[in-house]
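Here is what each chain is made of, one letter per residue.
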Amino acid sequence: MSTPMERLRAAGWELPPLPTPKGLYVPARRHGDLLHLSAHGPFGSDGEFTHRGVVGGTLSLAEGRAAAAAAALSLLASAAGTLSDLSAIRGTLRMTGYVNAAAGFADHANVLDGASEVLDTAFGPDARPARSVVGVASLPFDLPIVIEATFVIGADDG
């Protein structure tokens with residue numbers, strides 16, 4: 001059986017460097033069998049943001065989905081930095097995406113699917129989260145999306 005990292009690499013995805021907090025918080029905090037991750041933006045392999053702008057305005061739906069995928073990879077980088085091995089993750093309990101969307105844009109769920117595809121690749125569709133997505137008028141650093149998540153850690157109950 002392959003590991004989450006092997007499945008991500010096979011799909012052409014690599015984790016970016018660990019993001020540096022942009023305020024007074026930590027990117028990840030573990031509590032028992034839960035790993036809570038602060039909102040992460042779309043970081044690239046150079047440690048810089050991959051996308052900036054407004055989905056449905058300066059960015060297309062496809063660009064918004066790509067930004068969501070990059071944000072999910074950033075979440076996984078923080079998880080790997082905290083846990084040392086993504087194989088310790090059983091699945092994603094909860095995920096919330098905040099999309100910097102143009103007025104009238106209505107395809108927020110499709111944008112967040114870009115992140116869900118990354119997590120499905122890493123952990124499989126049986127590990128899908130409960131999730132919410134919200135359109136907002138702006139985000140820090142002119143980001144198109146930020147995503148927060150909670151992962152379940154430990155041995156499989158089944």
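Note that the coordinates shown come from a computational prediction; the quantities given were computed from them, not determined experimentally. (Residues numbered from 1 in each chain as written. Predicted model: local features only at pLDDT ≥ 70, side-chain atom pairs only at ≥ 80, totals over all residues. Heavy atoms only, no water.)

**Let's talk about helix 3 (residues 108-123)**
Stage number 1. In this model helix 3 runs 23 Å from its N-terminal to its C-terminal C-alpha over 16 residues, within 8% of the 22 Å that 1.5 Å per residue would give.
Stage number 2. Taking the largest bend as the criterion, helix 3 deviates by roughly 30 degrees, centred on Gly114.
Stage number 3. All buried positions along helix 3 are accounted for by His108, Val111, Leu112, Gly114, Ala115, Ser116, Val118, Leu119, Asp120, Ala122 and Phe123.
Stage number 4. A positive phi of about 90 degrees marks Gly124, the residue just after helix 3. (Helix = DSSP H or I, 4+ residues; strand = E, 2+ residues; numbered from the N terminus. Expected span 1.5 Å × (residues − 1). Bend = angle between axes of the 7 residues up to and from the residue. Buried < 20%, exposed > 50% of the residue type's maximum accessible area, 1.4 Å probe, protein only.)

**Regarding the sheet that holds strand 4 (residues 130-136)**
Stage number 1. Spatially, five strands are ordered 1-2-5-3-4 in an open sheet, and the strand pairing comes out mixed. Edge positions in the sheet fall to strand 1 (28-31) and strand 4, since each of these pairs with one other strand and no more. Sheet twist, expressed as the mean angle between neighbouring strand axes with direction ignored, is 15 degrees.
Stage number 2. Looking at chain direction, strand 2 (residues 34-40) and strand 5 (residues 145-153) are connected through five bridges and run antiparallel. When the sheet's bridge partners are listed, Leu34 is paired in strand 5 with Val152.
Stage number 3. Sitting on the sheet, helix 2 (residues 61-83) touches strand 1, strand 2, strand 3 (89-100) and strand 5, and the angle it makes with strand 2 is about 135 degrees. (Pairing = 2+ DSSP bridges. Axes fitted to C-alpha atoms, helices over the stretch in contact; angles between N-to-C directions. Contact = heavy atoms within 4.5 Å.)

**Brief notes about the pairing of strand 3**
Stage number 1. Pairing of strand 3 with strand 5, which is carried by nine bridges, proceeds in the antiparallel orientation. Residue pairing for strand 5: Gly97 is matched across the bridge by Ile147.
Stage number 2. Relative to strand 4, strand 3 is paired through seven bridges, and the arrangement is parallel. From the neighbouring strand, Tyr98 faces strand 4, where its bridge partner is Val134.
Stage number 3. Remark: the strand 3/helix 3/strand 4 crossover connection has right-handed handedness. (Right-handed = clockwise from strand over helix to strand, strands pointing away.)

**Quick look at the packing of helix 2 against helix 3**
Stage number 1. The contact between helix 2 and helix 3 brings their axes to 7 Å, and the two run at 40 degrees. One way to sum up the angle between helix 2 and helix 3 is to call them oblique. Regarding helix 2 and helix 3, the two cross each other, and that crossing is right-handed. Along the contact surface, helix 2 presents Leu61, Gly64, Arg65, Ala68, Ala69, Ala72, Leu73 and Leu76, while helix 3 presents Asn110, Val111, Leu112, Asp113, Gly114, Ala115, Glu117, Val118, Leu119, Ala122 and Phe123.
Stage number 2. Its residues assigned to classes, the contact of helix 2 with helix 3 shows 13 nonpolar, three polar and three charged. (Parallel < 35°, antiparallel > 145°, perpendicular 65-115°, else oblique. Left-handed = near helix turned anticlockwise from the far one by under 90°. Nonpolar A, V, L, I, M, F, W, Y, C, P; charged D, E, K, R; others polar.)

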